[in-house]
Every structure is written in structure tokens, then in C-alpha cells.
Amino acid sequence: MAKFDTGVSRRNLLKGGLALSGALAAPTFFTRHAFGADFLNNPGNAASIKLGFNVPQTGAYADEGADELRAFQLAVKHLNGEGDGGMLNTFSSKALKGNGVLGKKVEYVTGDTQTKSDAARASAKRMIEKDGALMISGGSSSGVAIAVQGLCQDAGIIFMAGLTHSNDTTGKDRRRNGFRHFFNAYQSGAALAPVLKANYGTDRVAYHLTADYTWGWTQEESIKNATEAVGWKTAAAVKTPLGAGDFSQYITPVLNSGADVLVLNHYGKDMVNSLTQAVQFGLRDKKVNGKDFAIVVPLYSRLMAQGAGANVKGIFGSTNWHWSLKDEGSQAFVKSFGAEYGFPPSQAAHTCYVQTLLYADACERAGTFAPCEVVKALEGFEFDGLGNGPTLYRAEDHQCFKKVLVVKGNENPTSQFDLLEVVQEVPREQVTYDPNIPQFAGDLGPCNNGA
Amino acid sequence: MDAILLQILNGLDKGGAYALIALGLTLIFGTLGVVNFAHGALFMLGAFCAVSLRELLTLSMKVKDESITFFDAYKEVPYLEVWFGETGTMIIDLAVPLSILFAIPIMLLIGLAMERGLIQHFYKRTHAEQILVTFGLAIVLQEIVKAYFGANPIPQPAPEAVAGSANIGALFGLGDSVVYPWWRLVYLAFSGVVIAAVFAFLQFTTFGMVVRAGMQDRETVGLLGINIQRRFTIVFGIAAVVAGLAGVMYTPILPPDYHIGMDFLVLSFVVVVVGGMGSLGGAVAAGFLLGILQSFASMNEVKSILPGIDQIIIYLVAVVILLVRPRGLMGRKGVMEG
């Protein structure tokens, strides 16, 4: 009897069939957005859109994250026409009508970045792919913001950065799909140095303790450059791990370093811990080189001041915004936020609220949610009424240019929230720089619609 | 000289915490033969005894903040302050020291419950299984604390009287440049007292003598008609109290979160191994030694020669000691061997 052996068994045939059908289906996975959609997560005829708020709910920056989330929720309320409207009433652009965005109700999803880049990217990816988020916002760590900005660029989603202060976010890591309203380390240095000179003189020796990641590095560099330009010397600049908790081993060397100023390039709980411990080690009562020892916290926030308590009194720093500002926009926002939560907003909350409004307004003005059209609407956009005076979203690097505040820990607070005193509102011109100076040189690259 | 003195103090301070945890670990290992990976969780539970007591003492009522006019703001005023005025404020200020009294019975109960409820079933199992079950228990305890208190560190200020720093330099004639926070000195003294108390208890009481005899030869002590198991259970409870108190007192130095125990556990195991498994004196000596080494390694002068050495020094020393003296500094023959 003839023996037929084709070398193909039933099992192999089934395996091959499965592989073939998989291969045939695969291209549709990559192109599924191409049918009837010219950009990723196009809501089409849906009645609502989703925004993704990616904030640190755990980790060193969790307090800021919680406040950011409150602000996002308030912004969504106002966009949908609920509540008193907050800064929608004072915003110079009148495109938003309080009926959602382009007639669609605004909904949101949230994620926990855990103050870690990989966790932040995973939660942003989830919000884009599973929840269909049109825009991702949030931050509090520049490392996280830069990682998520890169992810949004690659996916084809707009990223409206929350609190991120590293020069790199709109410097070497700038991206066409990413926008930052918050100020940066260079601007802190430019605003702070003249005030430090006026208060502490030109003959000072500074010792830097720096959070060991992108934000810390750029802030250290910026403050060093700015203070050395007014005559200060730098004794040492020591990197500390993010979330170190116990900073004693880093603080003790300061005592005998000959430095008479300690610059804490820390933020959030790190700053609360390092400042508290610096005070415990008696630095504030010290006299060095015949001068009173001074501590400087270049990036300040009310939440940190609250955490550090009386230790912040008299300490200089800079901030993007403060609730005690008297302009109409700030007052409207504080009133609205205060009525909702019972306390005033932090600068992190302010920037997140503003970014949400700016995104919604840009969609409204562009007449579409398509990222590249939204980018065009935001580039070079001049606006006012959102708390920092006249502001420009510069087209070259997607950085906002506006006033920067120099603040000081309040010596005589009149209320439980009155922790920082605004020393100077530094004008926009003083903190404007060329987008291509060495610290910032980068390339926005092309816009990505994700489809 | 000043810098060296300060780093020694920093090292002793850290070493105090390592030594207290390592002491408990060694006690449990020496008596029950159990490698307890849940010991860090006991440190964490102690720290949260302090958090809980402060929360109890600061139970507050909401009072309208009249200084804020353009929205309704509320201040939280603790009932203790409302009822007792200054005395109430003083009691809240003393929350951390009061937590010691609060933590002793709680940690003892937790320790006894842990030993009777879980650990005793694993005496005859392999060390690997003991590690797995105690590590699992540590994770469960952490998650319970995380679910209740959240994932973020909760600051616990030291009492006002010891919140500042002491001018140590003046004592040694070194001028004003050597200052050290009072609470860290208190912690150092406290760890010294607790370690001394544990040694005295084992050395000078009948109970301690029986326990030591049991550690040497459990069977013979049992044949003498002594219920050695019950004593070992109490030793487990004592070890839990020691770890818990170390946690309570550490809260003003480092705001505790649910993970604080795990951070210390890994280092404490290295301490136990370096000191010698089963050696109480070794655990204490190695705790202080490694604390000081870690402090010196983080000096700028050292880091400029060997960058990053502060992060790995402890493990480096452990590797060297295990290569040169496989039983650790004061390890006895026959422990964890064969």
C-alpha cells in the first residue's frame, strides 16, 4: 500500500492556520484608527470626551498630586457649566461657553504616577488605549513629566504638563505635542538672584543639596549660574536620592564646609524633610564668616510651607503663583476652589486648572480635537485673566512666559494659610530668554495626530 | 575633627536603629530557630502605634476660620485643647514619648498573637518556608496599614523641649560648630538603654537564665521539667516590643509610612549576618559598626574618591566579612551550618 507522507500533520495545519489568521488580523490593530478617524481617540459623534489626569497619589510628591487632582475636577466642573465658572469668567479668550468642549461633555479618568516614570507611563498608556483619553495632563516630577510627554508624542496625544520645573521639559526634551504653563528652573534663578543679592549681599558661599534627577540637576545649574553671576561662590553641590527621608548624613557636612548659604534643590516631602532636619541641626541659628547662615528654597509651594511649619519663616524662594494675588483671575479661582474644598489652592493646583482650560479653549478655537490643530491654536497664543497677568505660549518651545513670584516664608502669618509672603512680582521680560541658549537647546520635532 | 565627630554621631544614631531591630531578629532566631522576615513589619507597626496615638490625641472639631473672609475655611481644633487648654496642648506635644507606654502592651500582644497564631506551626519546617511565610505576613501587615493610613509618610514632631539641637562642641571644647539635634541624642540614649535592659534581663533574671540555657540546649532544659516553649513565646513578644519601640522613637527622625520596616529589614539582616547568626552581642556591635561605616561613606571627601560608595558600603562590608569570617564577627560554630 502506498504510504502518503506529506509532512503536514493536522496539528501543524491548525497551528499554521492560527498564525495566518493572526498575521492577517495584525495590520488592523495598527490601522484601526484610520477608518473614519484622522486622529487617535477621535470622539466622532460621541456625546462626551475623556481627559486623563495622571498625578502622583503616592510618593514624595503626593500632596501636590492630591491638590492637582482637586483642581482638575474643578476645571471639568467649570467646563461643563457647573459651579460658579471660576476663571472661565476672567479668561481673556471667550471661546468656552460652559457647555463642555465643542458641545461635548467633559469626563475624566485618573491615574497614579507613584512619582515614578515607569508607573506614570503605564497609567498614561492605559488612559490613552483603554479609556480613549484625548489629552493627558499632570506631573509634579519633571522626570515623570518628560517620560509621559515622550509617550504622548509617540502616541499622538496632547500633553498639557502639570507641575514640572526642570529646564529640560521645554528644553532639550521639548516635544511638539507637549505644553508647559508652569515656570522653570532658569526663570527661578533669573527672578531670585537679584532678591538674594539685595538681601544677603554679593559675598556669599553657597552649598547645594540637590534631588538627583532631571529637575534637581537643572535647578542646581540654573541657581548656581544666577547666584555666581551676582558674585556668590559655590562650596559644593551634593546629590541626594529622591525620597531619601533622612538627610542627616548630607546636612552634617554643611556645618563645617565654610558655606554660609544652604540651597535646597528639593521639592515636596523631600524639601519638608531636608528643611526640617537642617533647622534641627541648628543651621538657622548659625553664624558663618561673620554672617547669619541663610537657607534658600528656590522652588517653593504653600503645601511644602505647611508641611515644614515654622521652619520656613524668612526663607526665600520662587513660585509660579500664589493664592494671595489680588488680580481678578486669581481671586475668582481661589474663591471657587475655597468654596469647593475649604482651603486655598496650591501653585500645582493652579497650573493644572489653567492647563485644562487652555486645552479646552484651544480645541474650541481650532474647532476640532485633532492634536495638530490644537497645537497650532496654542502656539504663540497670548492670553490674560488666568492669574499670572499677560501670558504668551511661545511657539518655539511651548513654554509659557509670564510673571514669576519671589516669595518668603511669612514671619507673622495672619491665618493658617498665610504662610508665604509675596516679596516681588518679577516682570515677564526679566525671566524671558532665547529658546536656543545652551541650557535649553532642543527640537520640538513634528506634530503627531496618532493616526 | 568636627566633621568626624558629627559623622560618628550620625552613625551611632542609625546604628542604634539597626542594632535594635537586629537584636530582636537574633533573639527570635536564637530561641525559636525562626528566620523572621516579618520583623521589619513589627518596627513599622511600632511606628504606627505612635501615629495612632497622635491621631487619638488630636481628634478635632472643626471651627470656622474667621481670618479667611472670601470663602468658608475651617480650622481643626483638637478636643484636648478645647477641653483642657494649655494642658491639652502639652499632652499632644508629648505624643511620641507617651506612645512608648501605648506601644508596649500592643506590641507584646501582637508578638504573642503572631507566634501562637502562625509562627509556631513553622518551627519544624525549613528556613526557606519560614522566610516565605514571614515575608508573606510582612506584606499583609504592610497592606493593612497602607489601606488604613494611606501610602504617604505621616510626620510626627518631637516634643517641643527636645525639638532643637544641642551644642555638643562646647562639651568637648570644639567651639560652636558641632551641634546635634536633641531628639537624635535621645534616640541614641534610648537604644542604649533598651539594649542594656534586654541584656540585663537575659543575664540577671531567672527567666533570662532559663532562656539562655534553652538557647544552648533546648532538650535538656525540657527534660528538667521546664516549659521552655512558653518562655520562648514570651521572648518573641519581647523581641516584638523592642522592634516596636525602635519604631516609635524613630518617627520624629523619619516620618513613617507603611514601607519603613522593609527599608530597615534588609539592612538589619545584613547586620545580623555580619554580627554572626545567633549572637546577640554580634548583632549590636555590627549594628553600630555598619551605621558608622555608612555615615563615613557618605562624607563628600570619601564620595569624591569613590562615587556612590554610600549606597553600597554595607553590602560591600558584608561580602568581605563573609569571605574572611563565614560565621560573621561573633558567630558561633554550628549555627546555620550543615
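Residues numbered from 1 in each chain as written. Chains lettered and ligands numbered in written order. Predicted model: local features only at pLDDT ≥ 70, side-chain atom pairs only at ≥ 80, totals over all residues. Heavy atoms only, no water.

**Focus on the domain arrangement of chain A**
Residues and elements named next belong to chain A.
In step 1: When its domains are assigned, chain A resolves into domain 1 (48–183 + 323–399) and domain 2 (186–319).
In step 2: Relative placement of domain 1 and domain 2: their C-alpha centres are 29 Å apart.
In step 3: On the domain 2 side, the residues contacting the 25 residues of domain 1 number 22 residues.
In step 4: In total, about 1900 Å² of surface goes out of reach between domain 1 and domain 2, with carbon and sulfur atoms giving 55% of it.
In step 5: Taken together, the connections running from domain 1 to domain 2 amount to 0 salt bridges.
In step 6: Run the count over domain 1 and domain 2 and you get 13 residue pairs in polar contact (both at pLDDT 80 or more).
In step 7: Put simply, the parts of the chain that give the side of domain 1 that touches domain 2 at least two residues each are helix 2 (62–79) and helix 4 (142–155). (Domains from an automatic or database assignment. Contact = heavy atoms within 4.5 Å. Buried area = accessible area lost by both parts, 1.4 Å probe. Salt bridge = Lys/Arg side-chain N within 4 Å of Asp/Glu carboxyl O. Polar contact = N/O pair within 3.5 Å; in protein donor to acceptor, adjacent residues only side chain to side chain. Helix = DSSP H or I, 4+ residues; strand = E, 2+ residues; numbered from the N terminus.)

**Thoughts on the sheet that holds strand 11 (residues 294–299) of chain A**
Residues and elements named next belong to chain A.
In step 1: Here we have 7 strands laid out as an open sheet, ordered 7-6-8-11-12-16-17, and mixed in their pairing. If you trace the sheet from one side to the other, it starts and ends with strand 7 (233–240) and strand 17 (420–426), each paired once. The mean inter-strand angle of the sheet, taken between neighbouring strand axes irrespective of direction, is 20 degrees.
In step 2: Taken together, the 4 bridges between strand 12 (residues 316–319) and strand 16 (residues 404–409) define a ladder with antiparallel strand orientation. Following the sheet pairing, Phe-316 is matched in strand 16 by Lys-408.
In step 3: Contacting strand 6 (205–211), strand 7 and strand 8 (261–265), helix 7 (residues 248–255) runs over the sheet at an angle of about 170 degrees to strand 6. (Pairing = 2+ DSSP bridges. Axes fitted to C-alpha atoms, helices over the stretch in contact; angles between N-to-C directions.)

**Overview of the interface of chain A and chain B**
In step 1: Across the contact, 36 residues belong to chain A and 36 residues belong to chain B.
In step 2: Regarding the contact of chain A and chain B, the summed buried area is about 2600 Å², with carbon and sulfur atoms giving 53% of it.
In step 3: Where chain A meets chain B, there are 2 salt bridges.
In step 4: Between Asp246(A) and Arg184(B) there is a salt bridge; the shortest N-O distance is 3.0 Å.
In step 5: The tally of links from chain A across to chain B stands at 8 residue pairs in polar contact (both at pLDDT 80 or more).
In step 6: Listing elements by their share of the side of chain A that touches chain B, those giving two or more residues are strand 7, helix 7, helix 8 (268–280) and helix 10 (328–341) of chain A.

**Remarks on the state of the cysteines**
All names here are of chain A.
In step 1: Applying the stated rule across the entire model yields 1 disulfide over all chains.
In step 2: One disulfide in the model links Cys-372 with Cys-447; its S-S distance is 2.0 Å. What sets the handedness of the Cys-372 and Cys-447 disulfide is the S-S torsion sign, and at about -105 degrees it is left-handed. Note that Cys-372 is positioned in helix 12 (residues 371–378) and Cys-447 in the segment after strand 17, a separation of 75 residues in sequence.
In step 3: According to the relative accessible area criterion, Cys-372 is buried, its value standing at 15%. (Disulfide = S-S within 2.5 Å. Buried < 20%, exposed > 50% of the residue type's maximum accessible area, 1.4 Å probe, protein only.)

**Focus: helix 15 (residues 309–324) of chain B**
It helps to recall that an α-helix has 3.6 residues per turn; residues three or four apart then point in one direction.
In step 1: Compared with an ideal rise of 1.5 Å per residue, which puts 16 residues at 22 Å, helix 15 of chain B spans 21 Å between its outermost C-alpha atoms and is within 8% of the ideal.
In step 2: Along helix 15 of chain B, the sharpest kink reaches roughly 25 degrees, centred on Tyr315(B).
In step 3: Regarding helix 15 of chain B, the residues found buried are Ile309(B), Asp310(B), Ile313(B), Ile314(B), Val317(B), Ala318(B) and Ile321(B).
In step 4: Residues of helix 15 of chain B that are buried make contact with helix 7 of chain A together with helix 1 (2–32), helix 12 (260–275), helix 13 (280–297) and helix 14 (300–305) of chain B. (Expected span 1.5 Å × (residues − 1). Bend = angle between axes of the 7 residues up to and from the residue.)

**Section: the side chain of Thr233(B)**
Residues and elements named next belong to chain B.
In step 1: Structurally, Thr-233 is set in helix 11 (residues 228–250).
In step 2: In this structure Thr-233 comes out as buried when scored by relative accessible area, which is 8%.
In step 3: Here Thr-233 is in contact with Leu-112, Glu-115 and Arg-116, once residues within four sequence places are set aside.

**Structural notes on the pairing of strand 6 of chain A**
Residue and element names in this part refer to chain A.
In step 1: Extensive coverage of strand 6 is indicated by the burial of 7 of its 7 residues.
In step 2: Note: strand 6 against strand 7, 7 bridges, orientation parallel. Paired with Tyr-207 across the two strands is Ala-236, which belongs to strand 7.
In step 3: Relative to strand 8, strand 6 runs parallel, the two being bridged by 5 bridges. Residue pairing for strand 8: Tyr-207 is matched across the bridge by Leu-262.

**Observations regarding the pattern of salt bridges**
Residues and elements named next belong to chain A.
In step 1: Applying the stated criterion across every chain yields a total of 22 salt bridges over all chains.
In step 2: Of the charged contacts, one joins Arg-70 and Asp-67 as a salt bridge, the two residues approaching to 2.5 Å between their closest N and O atoms. Placement of both Arg-70 and Asp-67 in helix 2 is noted, with a separation of 3 residues, approximately one turn of the helix.
In step 3: The partner of Glu-129 in a salt bridge is Lys-125, with the nearest N and O atoms 3.5 Å apart. Of this pair, Glu-129 and Lys-125 are both found in helix 3 (residues 117–129), 4 residues apart, which corresponds to roughly one turn of the helix.

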